[in-house]
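A look at the structure
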Amino acid sequence: MFSSRFYTLVYISRTVRFFISFIHFNKEILFMAANLRLWLTACVLSAAAIIPGGAASAAGSSEVNPRGLVLSLSCSSCHGTDGKSVGLIPSIYGKSTSYIESAMLAFKSGARYSTVMSRHAKGYTDAEIRLIAEYFGRFSRNK
Amino acid sequence: MNMSQKISRRDFSKLLLTGATSASLGLFGTPSRAFGASKRVVVIGGGFGGAAAAKYLRKLDPSIAVTLVEPKAVFHTCPFSNWVLAGLRTMNDISQTYTVLKNKYQVNVIADSAVAIDSTRSTVKLKNGMVLSYDRLIVSPGIDFKWDAVPGHSEALANTRIPHAYQAGPQTTLLLNQLQSMRNGGKVIICPPANPFRCPPGPYERASLIAHYLKAKKPLSKILILDPKDKFSKQGLFKQGWEKLYPGMIEWRSGVTGGKVVKIDGTTMTVTTEFGEEKGDVINLIPPQKAGKIAFEAGLTDASGWCPVNPVSFESTIHPGIHVIGDSSIAGVMPKSGYAASSQGKVAAAAIVRLLQGKVPASPSLVNTCYSLIGTDYAISVAGVYKLTADGVVEIPGSGGLTPMNADADQLREEASFAVGWYNNIVHDTWG
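The model shown is predicted, which means the values in this text are computed figures rather than measured ones. (Residues numbered from 1 in each chain as written. Chains lettered and ligands numbered in written order. Predicted model: local features only at pLDDT ≥ 70, side-chain atom pairs only at ≥ 80, totals over all residues. Heavy atoms only, no water.)

**So, the overall build of chain B**
The helix and strand tally for chain B stands at 12 helices and 26 strands. Among the 432 residues that make up chain B, the fraction classed as buried is 60%. Intrachain contacts of chain B at a sequence separation of at least 6 include 67% that bridge at least 24 residues. When the accessible surface of chain B is split by element, carbon and sulfur atoms take 54% of a total near 16,300 Å². (Helix = DSSP H or I, 4+ residues; strand = E, 2+ residues; numbered from the N terminus. Buried < 20%, exposed > 50% of the residue type's maximum accessible area, 1.4 Å probe, protein only. Contact = heavy atoms within 4.5 Å. Areas by Shrake-Rupley, 256 points an atom, 1.4 Å probe, with all protein chains shown as cover.)

**Focus: the sheet that holds strand 16 (residues 276-279) of chain B**
Sheet strands associate in pairs through backbone hydrogen bonding, adopting either a parallel or an antiparallel arrangement. Residue and element names in this part refer to chain B. Reading across from one edge, 14-15-16 is the order of the three strands in this open sheet, with antiparallel pairing throughout. Strands with a single pairing partner mark the edges of an open sheet, and in this sheet they are strand 14 (261-265) and strand 16. Strand-to-strand twist across the sheet, computed as the mean angle between neighbouring axes with direction ignored, equals 20 degrees. Judged from the four bridges that link them, strand 15 (residues 270-273) and strand 16 form a sheet pairing that is antiparallel. Following the sheet pairing, Val271 is matched in strand 16 by Glu278. (Pairing = 2+ DSSP bridges. Axes fitted to C-alpha atoms, helices over the stretch in contact; angles between N-to-C directions.)

**A look at the interface of chain A and chain B**
Facing 27 residues of chain A, the contacting portion of chain B comprises 41 residues. A combined buried area of about 2,900 Å² lies between chain A and chain B, and 58% of that area is made up of carbon and sulfur atoms. Considering only the side of chain A, the residues that lose the most area to chain B are A:Ser77, A:Thr81 and A:Arg119, jointly responsible for 22% of the buried surface there. Our count for the chain A to chain B interface comes out at two salt bridges. The salt bridge partner of B:Lys59 is A:Asp82, with a shortest N-O separation of 2.9 Å. Linking chain A with chain B are 20 residue pairs in polar contact (both at pLDDT 80 or more), by the criterion used here. Sorting the residues of the side of chain A that touches chain B by element identifies helix 3 (66-79) and helix 5 (117-121) of chain A as the ones contributing at least two each. The element contributing the most residues to the side of chain A that touches chain B is helix 3 of chain A, with 11 residues. Residue composition of the side of chain A that touches chain B, by class: 12 nonpolar, 11 polar and four charged. (Buried area = accessible area lost by both parts, 1.4 Å probe. Salt bridge = Lys/Arg side-chain N within 4 Å of Asp/Glu carboxyl O. Polar contact = N/O pair within 3.5 Å; in protein donor to acceptor, adjacent residues only side chain to side chain. Nonpolar A, V, L, I, M, F, W, Y, C, P; charged D, E, K, R; others polar.)

**Digging into the packing of helix 3 (residues 48-60) of chain B against helix 12 (residues 409-431) of chain B**
Residues and elements named next belong to chain B. Interaxial distance between helix 3 and helix 12 falls to 7 Å at its minimum, and their mutual angle equals 55 degrees. Considering their axes alone, helix 3 and helix 12 lie oblique with respect to each other. Contact with helix 3, carried on its side by Phe48, Ala51, Ala52, Lys55 and Tyr56, involves Ile426, Val427, His428, Asp429, Thr430 and Trp431 of helix 12 and no other residues of that element. Looking at the contact of helix 3 with helix 12 residue by residue, the class counts come to seven nonpolar, two polar and two charged. (Parallel < 35°, antiparallel > 145°, perpendicular 65-115°, else oblique.)

**Some details on the pairing of strand 6 (residues 114-118) of chain B**
In terms of strand pairing, strand 6 of chain B meets strand 7 (residues 123-126) of chain B through four bridges, oriented antiparallel. Counted as the bridge partner of B:Ala114 is B:Leu126 from strand 7 of chain B.

**Structural notes on the sheet that holds strand 6 of chain B**
Residues and elements named next belong to chain B. Reading across the sheet, the three strands line up as 6-7-8 and stay open at both edges, with antiparallel pairing between neighbours. Edge positions in the sheet fall to strand 6 and strand 8 (131-133), since each of these pairs with one other strand and no more. Neighbour to neighbour, the strand axes of the sheet diverge by 20 degrees on average, direction disregarded.

**Some remarks on the confidence of the model for chain A**
Predicted coordinates in regions of low pLDDT should not be interpreted in detail. Averaged over chain A, the pLDDT score is 74; the fraction of residues at 70 or greater is 56%. Long-range and interchain partners of residues 18-61 of chain A, a stretch whose pLDDT sits below 50, account for nine contacts in this model, where long-range means more than four residues apart. (pLDDT = per-residue confidence, 0-100.)

**Focus: the pattern of salt bridges**
All names here are of chain B. On inspection of all chains with the given rule, the structure shows 19 salt bridges over all chains. The shortest N-O distance in the salt bridge between Asp118 and Arg121 comes to 3.0 Å. Residue classification places Asp118 among the partly exposed residues on the basis of a relative accessible area of 22%. Here Arg121 falls in the exposed class, since its relative accessible area comes to 64%. Close ionic contact of Glu251 with Arg253 constitutes a salt bridge, the shortest N to O distance being 3.1 Å.

If you want it as structure tokens, here you go:
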């Protein structure tokens, strides 16, 4: 009695509903993941605060290499004090030593595109880049 | 003109070993400021150099008492003042204050001028009569003008009819008002100074941004640049940009082709060059420059009119215990720019922290980055990384340099966006 057109419509609506439920499911998974991440971060932070010599106090007490400091002061002019940018230029603050080092080496070799960074990176030896990466890496939880 | 200081190899190793003259005095038992309990640093001048030095001294060592002497409550930055002339920014947008330095970094900011430095007593006298004692002094007075270099010119004329607009503030407003009241079809004459001078690309960015304004509002107008020099900063990139964005509007006349100004008449608004006379509706003459007034009065300058310094700590080679940073200092091949001054302020601050602890300062690393806007979506940049060698402060070979001549429209647009990001961070790193 029902036309094939009716069955086609039913099929389409079921497919759409399936996809909508799938999206909801995905959203919930993402929400749970975000919560888990927040919780883990909180755990790490409180552990660092409670345990003597935890991540936070280790970063604070470590002697800053004077040459590393002088080299890194140059970066803050464009990337913000302590690498915390207030504008369009990316922040360095919070990035790990290994990330900063590999990014600078990629700018230096030209492997990574930039407007001005490769012109800057070419001004430093690999050892100086390491010192800069270590200086800013102190602010990161991932050393 | 090559301003790099030649240092003999022996002197160079001595520099690196001792860092500064008075640190070596301290090591050999002379009563030294370095090992005293008191750590008082006075900073004269609250521009890019002085403000950055004051902030970073407090940030790096909170046990140092820092006093900043600056007469202006609001400092207008020269960077982005050309954007004001184009109507792309307001004077308020380029205003910086000392609130954060006072409240967050506990810098003692005194709104007054320093009138005298006594290097033997280690004191600074202020206009209001107050006398400040220091263990280390930082002098960052920017530039002063050689008013007698162009016959017919004077400071009074600059404040009324022929603005330089090379110290941002009322001078910028004066030039802006003149441009806004100029007729369509008028002629703007820009006269850049001879080297060395503050912000080498400044006059040419200014020509670009005045052209941006005139093209939109007064398209029959022309800009004539009368230059004593035969080449200028980012020349190829500027000329390429002018041809693309403002064809036929900007004429640059070099020194050998009659660009050198020999006389100026503010009443008839006439500029006389070696080749003849030019009348302008607006004349922006930027006089030749020298170190700021207080640097001369304190005997910190040499025959060049600028201040020789130890490049490790920017300590004066004439008066130990006094550091000169920014435009007034002779910093090898570094250009005189706000950005360079801020970089020097931080290097001097880090060195002074070490010296006051009786330690040797680290070998310096300095940087410069300057953006010039040619049109709203069109900016070019120059970068430089500098370090100390036996030849003084030199640019690291293979580093730095300009936006490439073949940069595409996307890259030039990106550079224009980064110019804004650059401004926001450099002023925040200095005053914020």
